[in-house]
Amino acid sequence: MATKPKKSGYVASPLFNRIREILESAHASVARTINTTQVLANWLIGREIVEEEQRGKKRADYGRKVLADLSGRLGREFGRGYSVDNLEAFRQFYLEYPHLISETASRNFDLPAISETVSRKSYEIDSAGAWRPGLLNPNLSWSHYRSLLRVTRPNARAFYEIEAINNAWSVRELSRQISSLLFDRLAKSRDKKELMRLALQGQEVVRSIDVLKDPMVLEFLSLPESPRLVESKLEQALIGNLQTFLLELGKGFAFVSRQERITVDGDHFYIDLVFYHTILKCHVLIDLKVGKLTHADLGQIQFYVNYYDRERRTEGDNPTLGLILCPDKNDTVVKYTLGEQLKRNIFTSRYQLYLPTEEELQQELRRGLRFLASQNSPAEKAVKKKGIGKK
């Protein structure tokens, strides 16, 4: 009986691998070129609407009728994509990004040629020789810019623009970070100088507190808020959505283990989640709570941190950090339980299981700012001077 010929095993040759890299790079380059050309076209359309139809004014005095007429004519000739809402978006794009490309860009141009010129020059430099927010970047698509246009504050928009590029955020990731007010959560504990640096340079992780978000938004877990929620279910949901959880934690976090056992004099204890921070060069221990934070919880995380520093910390590691995630906390209890330790390596952060409204998050941030302000009040300074609350 005849036998079927065996399929020969395929081993990729060095030549094939080199050619594949060339093709993959070419495909990526083509995609970026298409995205950049679309962004340019939309910006230039917006410029025409603003500068020709409005004669440079920022408010349309000719009404939506002109846009409606323009939309109909463009739609009949070029197909979908030129609704009145889209034309309004192009107009807003030009107004919010007036220096996206060189002011000397000709009105009589060949789009591919100007796209090539812009991709080489216009997006990459300012007077200091570096790209800055507001200039064209080929890594941002039109959909990215549409998301950025939702942000009305220039400082916040510049921050999201930088972070989207630095972290290669998809449009979905960018939209989520904007919706969860990432800029505001990171800006919460910063002074004016640090706030400006956040807007101009993005998130820089230098100190332990730089990685802290409060509150932490965990709506991606799809868990209902319930008094019957148990910590094991919360932990399992976080592990099941680890990639998104790492995005919410922020840059530099690498997952190490869950329910890590430590043994002291025959007694076993279990740390919910262990991470290593590649920028701070230290372990980060996370303890999950489903009820209101207590002083006993703070003592427990401090015990874990002390143990890790003495038994697991290796040469080159910085001191271990501890983070308690809880749905509710009492800042005063935290302050007087940990004292100055709070400023060094023990942190607490609320978590929310739904994406709150902007007003709800703003209220939460204002509450945190009031607490920070109270720490610098005359009464607080007197307490610190007397050493009350210190160990």
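See above for the structure.
Conventions and cut-offs
Residues numbered from 1 in each chain as written. Predicted model: local features only at pLDDT ≥ 70, side-chain atom pairs only at ≥ 80, totals over all residues. Heavy atoms only, no water. Buried < 20%, exposed > 50% of the residue type's maximum accessible area, 1.4 Å probe, protein only. Helix = DSSP H or I, 4+ residues; strand = E, 2+ residues; numbered from the N terminus. Right-handed = clockwise from strand over helix to strand, strands pointing away. Axes fitted to C-alpha atoms, helices over the stretch in contact; angles between N-to-C directions. Parallel < 35°, antiparallel > 145°, perpendicular 65-115°, else oblique. Left-handed = near helix turned anticlockwise from the far one by under 90°. Contact = heavy atoms within 4.5 Å. Nonpolar A, V, L, I, M, F, W, Y, C, P; charged D, E, K, R; others polar. Expected span 1.5 Å × (residues − 1). Salt bridge = Lys/Arg side-chain N within 4 Å of Asp/Glu carboxyl O.

Asks: Can you break down the pairing of strand β4 (residues 282–288) residue by residue, with the values?
Replies: The buried fraction of β4 is high, at 7 of 7 residues. What you see with β4 is no split at all: Cys282, Val284, Ile286 and Leu288 on one side and His283, Leu285 and Asp287 on the other are buried throughout. In this fold, the crossover linking β4 to strand β5 (residues 321–326) by way of helix α12 (residues 295–311) has right-handed handedness.

Asks: Just give me the short version of the packing of α12 against helix α13 (residues 331–338), but keep the residues and values in it.
Replies: At a minimum axis separation of 10 Å, α12 and α13 run at an interaxial angle of 45°. Taken together, the axes of α12 and α13 are oblique relative to one another. In this structure, α12 crosses over α13, and the sense of that crossing is right-handed. Contacts from His295, Leu298 and Gln302 of α12 reach α13 at Val333, Val334, Thr337 and Leu338. When its residues are assigned to classes, the contact of α12 with α13 shows 4 nonpolar, 3 polar and no charged.

Asks: Account for helix α6 (residues 154–166), naming residues and giving values.
Replies: For α6, spanning 13 residues, the distance from its first C-alpha to its last is 18 Å, which sits close to the expected 18 Å at 1.5 Å a residue. Across the 13 residues of α6, 10 count as buried, placing the element largely inside the fold. Residues Ala156, Arg157, Ala158, Phe159, Tyr160, Glu161, Ile162, Glu163, Ala164 and Ile165 constitute the buried set of α6. If you follow the buried residues of α6, they end up packed against α3 (84–96), α5 (142–148), α7 (171–179), α8 (182–187) and α9 (192–201). A positive backbone phi angle near 50° is found at Ala168, which sits one or two residues after α6.

Asks: A description of the pattern of salt bridges should follow, citing residues and the corresponding values.
Replies: Here the structure, examined in full by the defined rule, presents 12 salt bridges. The network of salt bridges with shared partners includes Arg176, Arg185, Glu219 and Glu248.

Asks: Account for the environment of His283, naming residues and giving values.
Replies: On the secondary structure map, His283 appears in strand β4. Of the residues examined, His283 reaches a relative accessible area of 14% and is grouped as buried. Sequence separation between His283 and Val305 is 22 residues; the distance between their C-alpha atoms is 9.1 Å. Those residues in contact with His283 that lie beyond four places of it in its chain are Val274, Phe275, Tyr276, Tyr308, Asp317, Thr320 and Leu321.

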